Amino acid sequence: MSDCIFCKIVAGEIPCRKLYEDEDVLVFHDIHPVAPVHFMLIPKAHVASLAECDQSHRDVLGKILLLAPKLAWEQGLTDGFRTVINTGRGGGQEVFHLHVHVIGGGGPRPL
Ligand code: AMP
Ligand code: ZN
């Protein structure tokens, strides 16, 4: 996806504050954090949102969800954290490359 900002980050065309990378997943800090810790986990392969995922995305989705608590702990979120996946315009999604937000460190926040 040539016009996708997160694909450009994956390709190294746009810089990011990288937290973690492997062959399938990239993790970087959100450029506009809403809490002291706010990072995003994304699949390297473009998929627009959770609504576009199918069985072929099962492994990378599992990998991302298992990675989230590990990286949250490493970022100091030992008391817990929020995970947010905005899906579609009605779900408040602004960047149409699937991403899982991990947010924490700002005290308790009721849903
Ligand atoms: P969403 O509403 O879930 O699509 O959120 C998109 C998120 O991407 C927002 O929290 C933005 O601050 C974040 N974002 C947009 N551009 C960048 C970028 N270049 N580097 C890091 N985060 C970004
Ligand atoms: Zn993309």
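Anything mentioned here points back to the structure above.
The rules we used
Residues numbered from 1 in each chain as written. Chains lettered and ligands numbered in written order. Predicted model: local features only at pLDDT ≥ 70, side-chain atom pairs only at ≥ 80, totals over all residues. Heavy atoms only, no water. Helix = DSSP H or I, 4+ residues; strand = E, 2+ residues; numbered from the N terminus. Rg over C-alpha atoms; globule rule 2.2 N^0.38 Å. Buried < 20%, exposed > 50% of the residue type's maximum accessible area, 1.4 Å probe, protein only. Contact = heavy atoms within 4.5 Å. Areas by Shrake-Rupley, 256 points an atom, 1.4 Å probe, with all protein chains shown as cover. Lys, Arg positive; Asp, Glu negative; His and termini not counted. Charge placed at Lys NZ, Arg CZ, Asp CG, Glu CD. Pairing = 2+ DSSP bridges. Axes fitted to C-alpha atoms, helices over the stretch in contact; angles between N-to-C directions. Near = heavy atom within 4 Å. Polar contact = N/O pair within 3.5 Å; in protein donor to acceptor, adjacent residues only side chain to side chain. Nonpolar A, V, L, I, M, F, W, Y, C, P; charged D, E, K, R; others polar.

J.: When you look at the overall build of the chain in this model, what are you seeing that I'm missing?
T.: Within the chain, the regular secondary structure consists of two helices and five strands. Along the chain direction, N to C, the helices and strands of the chain fall in the order α-β-β-β-α-β-β. Relative to the 2.2 N^0.38 estimate, which gives 13 Å for 111 residues, the radius of gyration of the chain is 13 Å and therefore close to what a compact globule would have. Expressed along its principal axes, the backbone C-alpha trace of the chain runs to roughly 40 × 30 × 25 Å. A burial count over the chain gives 36% of its 111 residues as buried. Once local pairs closer than 6 in sequence are excluded, the contacts in the chain between residues at least 24 apart make up 53%. Surface exposure of the chain reaches about 6,800 Å², of which carbon and sulfur atoms provide 55%. The average position of the 10 basic charges and that of the 13 acidic charges among the side chains of the chain differ by 4 Å.

J.: Looking at this structure, I do not really get the sheet that holds strand 1 (residues 18-21). What am I missing?
T.: Read from one edge of the open sheet, five strands run 1-2-3-5-4, paired in antiparallel fashion. Of all the strands in the sheet, the pair left with one neighbour each is strand 1 and strand 4 (82-84). Pairwise comparison of adjacent strand axes, ignoring direction, gives a mean angle of 20° for this sheet. The sheet contact formed by strand 4 and strand 5 (residues 100-104) spans three bridges and is antiparallel.

J.: So what exactly am I meant to see when it comes to the environment of valine 37 here?
T.: Within the fold, valine 37 resides in strand 3 (residues 37-43). With 42 residues separating them along the chain, valine 37 and aspartate 79 place their C-alpha atoms 12 Å apart. Every residue in contact with valine 37, bar those within four places of it in the chain, is listed here: Gln75, Leu77, Val102, Ile103 and Gly104.

J.: Explain the pairing of strand 5 to me, please; I cannot follow it from the model alone.
T.: Each regular strand displays side chains that alternate between the two surfaces of the sheet. Burial runs high along strand 5: five of the five residues are buried. In terms of strand pairing, strand 3 meets strand 5 through five bridges, oriented antiparallel. Looking at the pairing, leucine 41 lines up with valine 100 of strand 5.

J.: Any chance you could explain the site of ligand 1 here in plain terms?
T.: Around ligand 1, the structure places 16 residues, and the nearest of them are Asp30, Glu94, Val95, His99 and His101. The backbone of isoleucine 31 places a nitrogen or oxygen atom 3.2 Å from a nitrogen atom of ligand 1. The separation between an oxygen atom of ligand 1 and a polar side-chain atom of asparagine 86 is 2.9 Å. For ligand 1, whose accessible area on its own is 510 Å², the fraction buried by protein is 86%. Elements supplying a minimum of two residues to the shell around ligand 1: helix 1 (5-10) and strand 2 (25-29). With three residues, the single largest contributor to the shell around ligand 1 is helix 1. A breakdown of the residues in the shell around ligand 1 according to their chemical character gives seven nonpolar, seven polar and two charged.

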